[in-house]
Amino acid sequence: MAEQNMRVGRVAFREKGSVWVAYWAQDDTMEGAHKLGSIKMSLVANPERKQQFMNLMRECAADVIESSVGVRPEFGGPETAPGHERMQ
């Protein structure tokens, strides 16, 4: 039987003043999103550090999902936030 991929949400990053916050959210909304972690924006000004934080938050989310359902999710590349979620 062929393996099927299924989306179960996303890790979303949002800038909140001087802090960058990672959330686990449904694909189409931030309503009910769960905060995974945060870091000062000044600490992720370096692109390498920014990527390390993104990777850490994705791996933490993957750990929780894997422990709950027994399958480790795979994450695609970065996606632009939907228009209704972007800051105006």
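Residues numbered from 1 in each chain as written. Predicted model: local features only at pLDDT ≥ 70, side-chain atom pairs only at ≥ 80, totals over all residues. Heavy atoms only, no water.

Caption draft 1: Region of interest: the overall build of the protein chain. On a plain count of helices and strands, the protein chain comes out with one helix and three strands. Secondary structure of the protein chain in N-to-C order comes out as β-β-β-α. Residue burial in the protein chain is summarised as follows: out of 88 residues, 26% are buried. Sequence-distant contacts in the protein chain: of pairs separated by 6 or more residues, those separated by 24 or more amount to 29%. Of the accessible surface of the protein chain, which amounts to about 6,700 Å², a share of 51% is contributed by carbon and sulfur atoms. (Helix = DSSP H or I, 4+ residues; strand = E, 2+ residues; numbered from the N terminus. Buried < 20%, exposed > 50% of the residue type's maximum accessible area, 1.4 Å probe, protein only. Contact = heavy atoms within 4.5 Å. Areas by Shrake-Rupley, 256 points an atom, 1.4 Å probe, with all protein chains shown as cover.)

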